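One-letter residues, chain by chain:
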Amino acid sequence: MKLFNVKNAVNQRYREFNDGAIIVDIKREDLLHTQVSGNKLRKLKYNILAAQRLGLDTLLTYGGAFSNHIAATAAAGNICGFKTIGVIRGEELGHDLEKTLAGNKTLNAAHALGMQFKFVSRSAYRDKYEDFFQFALKKEFNSFYNIPEGGTNDLAVKGTEEILTIKDKDYYDYICVAAGTGGTAAGIINSAAPHQKVLVFSALKGDFMFDEIAQYTDRENFMVFDENRFDGYAKSSDGLIKFMNGRFRESV
Ligand SMILES: *Cc1c(COP(=O)(O)O)cnc(C)c1O
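Since the structure is predicted, the reported quantities are computational estimates derived from the model, not experimental observations. (Residues numbered from 1 in each chain as written. Predicted model: local features only at pLDDT ≥ 70, side-chain atom pairs only at ≥ 80, totals over all residues. Heavy atoms only, no water.)

Concerning the overall build of the protein chain
How we decide: Secondary structure elements are defined from DSSP: runs of H or I of at least 4 residues count as helices, runs of E of at least 2 residues count as strands, and each element is numbered from the N terminus. Radius of gyration: C-alpha atoms only; globule rule: 2.2 Å multiplied by the number of residues to the exponent 0.38. Categorising residues by exposure relies on relative accessible area from a 1.4 Å probe, with only protein chains included: less than 20% of the type maximum marks a residue as buried, more than 50% marks it as exposed, and the intermediate range marks it as partly exposed. By the convention used here, residues are in contact when the closest approach between their heavy atoms is within 4.5 Å. Residue burial considers only the protein chains on display, and all accessible areas are found by Shrake-Rupley using a 1.4 Å probe. A residue counts as positive if it is Lys or Arg and as negative if it is Asp or Glu; His and the chain ends are not included. For the purpose of locating charges, the reference atoms are NZ of Lys, CZ of Arg, CG of Asp and CD of Glu.
When helices and strands are counted, the protein chain shows 11 helices and nine strands. In summary, the protein chain has a C-alpha radius of gyration of 19 Å against a globular reference of 18 Å for 252 residues, a match within 12%. For the C-alpha atoms alone, the extent of the protein chain along its principal axes is close to 60 × 45 × 30 Å. Counting across all 252 residues of the protein chain, residues that qualify as buried make up 44%. When contacts within the protein chain are restricted to residue pairs at least 6 apart in sequence, those whose partners lie at least 24 apart make up 68%. Approximately 14400 Å² of the protein chain is accessible, and the part contributed by carbon and sulfur atoms is 51%. Positive and negative charge centroids in the protein chain, built from 32 and 31 side chains respectively, lie 5 Å apart.

Observations concerning the packing of aromatic side chains
Filter applied, for reference: Working definition: a ring pair exists when centres of Phe, Tyr or Trp rings (six-membered ring for Trp) sit within 6.5 Å. Plane angles under 30 degrees give stacked, over 60 give edge-to-face, the rest tilted.
Across all of its chains, the model carries five aromatic pairs by this definition. Measuring from centroid to centroid gives 5.5 Å for Y62 and Y129, while their planes differ by 80°, and the two rings are edge-to-face. Of this pair, Y62 sits in strand β3 (residues 58–63) while Y129 sits in the loop between α5 (122–126) and α6 (131–141), and the two are 67 residues apart along the sequence. Each ring, one from F201 and one from F225, has its centre 4.8 Å from the other, and the planes form 10°; the classification is stacked.

Describing the site of the ligand
Heads up, the condition is: Throughout, the term near means that a residue has one or more heavy atoms lying within 4 Å of the molecule or strand in question. Polar contacts, as used here, are pairs of N or O atoms within 3.5 Å; protein pairs need one atom able to donate a hydrogen and one able to accept it. Residues neighboring in sequence count only if both atoms are side-chain atoms. Residue polarity follows a fixed list, in which Ala, Val, Leu, Ile, Met, Phe, Trp, Tyr, Cys and Pro are nonpolar, Asp, Glu, Lys and Arg are charged, and the others, Gly among them, are polar.
Surrounding the ligand, one finds N39, K40, K43, N68, A178, A179, G180, T181, G182, G183 and T184. T181 is positioned with one of its side-chain polar atoms (N or O) 2.6 Å from an oxygen atom of the ligand. In this structure, an oxygen atom belonging to the ligand sits 3.4 Å away from a main-chain N or O atom of G183. In isolation the ligand has 390 Å² of accessible area, and contact with the protein removes 72% of it. Contributing elements (two or more residues each) for the shell around the ligand: α1 (39–53), β7 (174–179) and α9 (183–191). With three residues, α1 is the largest single contributor of residues to the shell around the ligand. A breakdown of the residues in the shell around the ligand according to their chemical character gives two nonpolar, seven polar and two charged.

Digging into the side chain of R42
Within the element layout of this structure, R42 appears in helix α1. You can call R42 buried: its relative accessible area is 6%. Reaching out from R42, the side chain makes a polar contact with the side chain of E29 at a distance of 2.8 Å. Discounting residues that sit within four places of it in the chain, R42 has contacts with V6, K7, A9, E29, L32, A156, G159, T160, E162 and I163.

Topic: the sheet that holds β3
Stated formally: Pairing between two strands requires that DSSP report at least two bridges joining them.
Strand order in the open sheet formed by four strands is β5-β4-β3-β6, and the pairing between neighbours is parallel. The outermost strands of the open sheet, each flanked by one partner alone, are β5 (116–120) and β6 (145–146). Relative to strand β4 (residues 83–89), β3 is paired through six bridges, and the arrangement is parallel. Its bridge partner being in β4, T58 is matched across the sheet by K83.

Quick word on the sheet that holds strand β9 (residues 222–225)
Heads up, the condition is: An axis is simply a line fitted to the C-alpha atoms; with a helix, the fit covers only the stretch in contact. Between two such axes, the angle follows the N-to-C directions and lies from 0 to 180 degrees.
Pairing is parallel in the open sheet, where three strands are placed in the order β7-β8-β9. Both edges of this open sheet fall to β7 and β9, since each of them pairs with a single strand only. On average, each strand axis in the sheet is tilted by 20° relative to the strand beside it, whichever way the strands run. Here β7 pairs with strand β8 (residues 197–202) via six bridges, running parallel. Along β8, the bridge assignment pairs Y174 with K197.

Rendered as structure tokens:
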């Protein structure tokens, strides 16, 4: 399928420290595709191929109102000829859809690509994988391919195992990656060379990321950093924006 016919991402030199003794590159997975960027494309790849093989015509997935995974699933489904359904946290967002879409670029883009939304309360969202909720979804939408929140499952990890190239495995001592569900990190950990260490930076509050990742790997070549410096997932502060702009300016 053409969407998944991607080349390897380029490694962009970010900085050299200690007169070139330490080199830091950034892998530009974000440039792989304009709508389905980076790790989201990797995580969807084998899931969409599986949905196709099963003869299903609809992808259903879950996310918050600002989820990159929701936007990526809408775009990938659109490109590959699937209907898409997004189960979105926040019942109130469904009360006035036009107003919601006007104020939310993520949902607006997904909607424009044909995604149908089912807005649910926070408590229903918490129970989304329970039998009673899944049964209600089956009743409402009939047959669909079920992709978990954030897109991470075994097939997603198979996709993220394709991020590192042979050259990457040769060249780098450390690989750093941000984690939401940990699926991207798990694929990198599985495919890293024996001498490489993967440093995982959790974007979420709490200390569960190690166990999340351990579900998808038997390897021990990684460390999780979960001290939460910037207030938590999807939060931003002046300090964070300054920090990001500083790193960006150094990289261009
Ligand atoms: C989704 C996302 C992540 C988290 O990926 P997981 O596989 O859920 O850990 C990290 N960085 C960016 C830029 C993302 O969009």
